[in-house]
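Coordinate analysis (summary)
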Amino acid sequence: MDSRITEHAQTLVDWSARIEDGDDVVVSVGEGAHELGVAVAEQLGERGANMVVTYDSEEMDRAYQRASDGSFETDPEFEHVLYAEADSVLSLRGTRNTTAGADIPEETQTAFAQAREGIREARLDTDWVSTVHPTRALAQQAGMSYEAYQDFVYDAILRDWEALAEEMAQLKDLLDAGSEVRIRKGDGTDLTMSIADRTAVNSAASVAYDSHNLPSGEVFTAPAETEGEVCFDVPMTIRGTRVENARLTFEDGAVVDIEADAGEDVLRTIVETDAGSDRLGELGIGMNRGIDRVTDQILFDEKLGGTIHLALGRAYRACLPDGEDGNQSAVHVDLITNMQTEGTVLEIDGEGIQRDGHFRWEAGFAD
């Protein structure tokens, strides 16, 4: 076994999930993530944790959903109990076919997501962490050789997370103290969002930071009162469909217009899912410089230094004040815009925080 797989498992169990003796842990193993699953199982055994393993297969999901009549039982109790009783859920992604679900009807995918909302909430109430094991399918999707993709993945995951947490704390402090964020770009993007009374998350790849992805490397919060227009110029695959150059217009916090060079229909389906799917649940600012290219995998692409991602749908509770539910939805779909183009500005309360992809504490930032 590649020694980096063992190091990945150690980082996941110790730094990210903070697993302790006696913890009840669900490990969801993707189709191509067997080796990482074995390494994680060994780490859990050494720490005295209890383990239940589930198999996460896109092909099995496709078979089940396509064979169904589109009506799904709401939050089946046997599945809900598994997550409700767990201390941690470790999701080891590793697909063999990145478009396995491309021919599942949109209405079926929406119905299934809505029927599992309570289960999703139970899982999110645990100390859950999601990570990726490099597979040949993911390398192909990224346009890379398998060996080069492995190097890319481990450069993003196996890093000094404490040092990055200290750097990202600077941005967290600015967002926590701010009231309004504005994004301006030369492509016509001009978007404002309220962040008043929100708490930003320093997403340093550990539940100790309210962070649940490995790799991570972003600071995110829950925006409100969104106004204006934004172009998402980083292409990505959503529900098996390619989405390119999507442009959303917001009025009174909600999407009022959608345009895209590709994938417009899937975006419309997402926006029409429920009462909260046409509003933003997340503003995330990528700060992981170990991620140096777009790979069409959201877990990596949204963390890329010099990008911002905005998510339609559900807001994370960690960002909200006590007593406020924030935006609720059965979906949470991220879209990414590149902040490294000339003339691009991120402002907090009118003050430039990032220009052309450089933060004000970095070399290259110009007032």
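Here, every reference points to the structure presented above.
Glancing now at helix α6 (residues 117-124). By the burial criterion, the buried members of α6 are I119, R120, E121, A122 and L124. On its buried face, α6 is in contact with α4 (77-84) and α5 (106-115).

Neither face of strand β18 (residues 345-348) is left uncovered, since the one carrying V345 and E347 and the one carrying L346 and I348 both have all their residues buried. Pairing between strand β5 (residues 180-184) and β18: four bridges, direction antiparallel. In the strand pairing of β18, R182 is matched with E347. Sheet analysis places β18 next to strand β19 (residues 351-355), joined by four bridges and oriented antiparallel. Looking across to β19, one finds that E347 is bridged to G352. If you look at the hairpin formed by β18 and β19, you'll find two residues sitting between the two strands, and D349 has a positive phi there, around 50°.

Now for the sheet that holds strand β2 (residues 50-56). Taken in spatial order, the five strands make up an open sheet running β2-β1-β3-β4-β8, and their pairing is parallel. What marks the edges here is a single partner per strand, and that holds for β2 and β8 (213-214). The pairing of strand β3 (residues 88-93) with strand β4 (residues 129-132) spans four bridges and is parallel. When the bridges of β4 are listed, L92 appears paired with T131. Together, β3, β4 and β8 form the strand contacts of helix α1 (residues 3-16), whose direction differs from that of β4 by roughly 165°.

Another point: helix α2 (residues 34-46). Here α2 contains 13 residues, and its C-alpha end-to-end distance of 19 Å stays within 8% of the 18 Å for a straight helix at 1.5 Å per residue. Every buried residue of α2 is accounted for by L36, G37, A39, V40, Q43 and L44. Looking down the long axis of α2, one finds its buried residues gathered within 165° of arc, a one-sided arrangement. Residues of α2 that are exposed and point more than 90 degrees away from the buried face comprise H34, G45 and E46. Residues of α2 that are buried sit in contact with α1, β1 (24-30), β2, β3 and β4. Positioned one or two residues after α2, G48 has a phi angle of 75°, which is positive.

Core analysis: the largest hydrophobic core is formed by 82 residues, its most contacted members being V40 and Y149. Of the residues forming this core, the biggest block, seven residues, is contributed by helix α9 (residues 161-177). Excluding its chain neighbours within four sequence positions, the residues that come into contact with V40 are A9, L12, V13, V27, L90 and L92. Grouped together as the second largest cluster of nonpolar side chains are eight residues, V26, I119, L124 and W128 included.

About the cut-offs
- Residues numbered from 1 in each chain as written.
- Predicted model: local features only at pLDDT ≥ 70, side-chain atom pairs only at ≥ 80, totals over all residues.
- Heavy atoms only, no water.
- Buried < 20%, exposed > 50% of the residue type's maximum accessible area, 1.4 Å probe, protein only.
- Helix = DSSP H or I, 4+ residues; strand = E, 2+ residues; numbered from the N terminus.
- Contact = heavy atoms within 4.5 Å.
- Pairing = 2+ DSSP bridges.
- Axes fitted to C-alpha atoms, helices over the stretch in contact; angles between N-to-C directions.
- Expected span 1.5 Å × (residues − 1).
- Arc of directions from axis to C-beta.
- Core = buried A, V, L, I, M, F, W, Y, C linked by side-chain atoms within 4.5 Å.

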